[in-house]
Amino acid sequence: PARSWWERLQATAMAIEVPPAAAPWRDEGGDAFDLPRLPAAPPGEPGDAGAGGDADAETRAAALGRAVHRLLEWIGQPGPAALPRPRWPSAAAQAASAFGLDKSGADEVLKLASRIADSPECRRFFAGPALRWAGAEVPVAWAGESLRIDRLVQLDESEGPAWWVLDYKLAHRPEALQPLREQLARYRDAVQQAQHAAGDRRPVHAAFVTGQGHLVPL
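Draft legend 1. Local environment of the overall build of the protein. Within the protein, the secondary structure is distributed over five helices and seven strands. Helices and strands in the protein line up, N terminus first, as α-β-β-α-α-α-β-β-β-α-β-β. Counting contacts in the protein only where the partners sit at least 6 residues apart, residues at least 24 apart contribute 53% of the total.

Draft legend 2. Molecular detail of the side chain of histidine 69. Tracing the sequence through the fold places histidine 69 in helix 2 (residues 53-75). We classify histidine 69 as buried; its relative accessible area is 18%. For histidine 69, the side chain forms a polar contact with the side chain of glutamate 137, separated by 3.2 Å. Here histidine 69 is in contact with Glu137, Asp150 and Tyr168, once residues within four sequence places are set aside.

Draft legend 3. Local environment of the sheet that holds strand 6 (residues 204-210). Taking strand neighbours across the sheet as the criterion, the five strands line up as 3-4-5-6-7 in an open arrangement whose pairing is mixed. Looking along the sheet, the strands with just one partner apiece sit at the ends: strand 3 (131-142) and strand 7 (215-217). Here the average twist between neighbouring strands, direction ignored, is 35°. The pairing of strand 4 (residues 145-157) with strand 5 (residues 160-169) spans seven bridges and is classified as antiparallel. Among the inter-strand pairings, valine 153 is bridged to a residue of strand 5, identified as tryptophan 164. Lying on the sheet, helix 5 (residues 178-197) is in contact with strand 3, strand 4, strand 5 and strand 6; it crosses strand 5 at an angle near 150°.

Draft legend 4. Layout of the pattern of salt bridges. Taken as a whole and assessed by the stated rule, the structure comprises nine salt bridges. The salt bridge involving aspartate 167 is made with lysine 169; its shortest N-O contact spans 2.9 Å. Between arginine 202 and aspartate 200 there is a salt bridge whose closest N-O contact spans 2.9 Å. For aspartate 200, a relative accessible area of 12% translates into the label buried.

Draft legend 5. Structural context of the environment of aspartate 189. For aspartate 189, the location among the structural elements is in helix 5. Accessibility expressed as a relative area gives 28% for aspartate 189, which makes it partly exposed. In this structure the C-alpha to C-alpha distance between aspartate 189 and tryptophan 142, which are 47 residues apart in sequence, comes to 8.8 Å.

Draft legend 6. Structural view of the side chain of glutamine 154. Tracing the backbone through its elements, the reader meets glutamine 154 in strand 4. Non-local contacts of glutamine 154, meaning those with residues more than four positions away in its chain, are made with Ala130, Leu131, Arg132, Trp133, Pro161, Ala162, Trp163 and Arg202.

Draft legend 7. The arrangement of helix 3 (residues 88-98) in detail. Listing the buried residues of helix 3 in full gives Trp88, Ala91, Ala92, Ala95 and Ala96. The buried residues of helix 3 occupy an angular sector of 135° when projected down its axis, which confines them to one face. In helix 3, those exposed residues whose orientation departs by more than 90 degrees from the buried face are Gln94, Ser97 and Ala98. A positive phi of about 80° marks glycine 100, the residue just after helix 3.

Draft legend 8. Looking closely at the confidence of the model for the protein. Per-residue pLDDT for the protein averages 83, and the proportion of residues at 70 or more is 82%. Residue range residues 44-51 is modelled with pLDDT below 50. Its contacts to residues more than four positions away, or to other chains, number five contacts.

Analysis parameters
- Residues numbered from 1 in each chain as written.
- Predicted model: local features only at pLDDT ≥ 70, side-chain atom pairs only at ≥ 80, totals over all residues.
- Heavy atoms only, no water.
- Helix = DSSP H or I, 4+ residues; strand = E, 2+ residues; numbered from the N terminus.
- Contact = heavy atoms within 4.5 Å.
- Buried < 20%, exposed > 50% of the residue type's maximum accessible area, 1.4 Å probe, protein only.
- Polar contact = N/O pair within 3.5 Å; in protein donor to acceptor, adjacent residues only side chain to side chain.
- Pairing = 2+ DSSP bridges.
- Axes fitted to C-alpha atoms, helices over the stretch in contact; angles between N-to-C directions.
- Salt bridge = Lys/Arg side-chain N within 4 Å of Asp/Glu carboxyl O.
- Arc of directions from axis to C-beta.
- pLDDT = per-residue confidence, 0-100.

This is the structure:
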């Protein structure tokens, strides 16, 4: 318990000779060739790529959503694994950078994730003694589909432990869109079938989580 996996592995590690960084690559036949060095693309503002403002806005919105998901994953770990609040801003910057967002994007990531995690409707899914288990971007294969659930948690509730399938919808009113409701129902049914197959008869609930921090049960 006092030694990390890295410390245990290091005891059996063997040194290897690293080839010089300037050495040319060689193909399977042993012939050497040099790969060209390409300059890094400078960071640009939305619209610089020439694909049109709408496409750039959609790209940024997608990146923003993924960064918020990432930060909520770090924030919402059960027990001592949860990200301490003083580290939220730096973690938001890290998540934003990972998806190509600038400082203003990092601020927006922090704002959205904090609004959700601190919401009276949603905070129990991200912190507190009732949070028994949590998973993010959970893959599920069901009925010939490959599904990916934004957040899956197990909570202690008044009637006993229950599963919750959560789907983040930061820029929509999901209750107004039938395809989104049908998609969430598939997620719920997939989890319920998987749990029943494993002998787990705990109830499975499903809800949307909006960018305003509202919980919209299915």
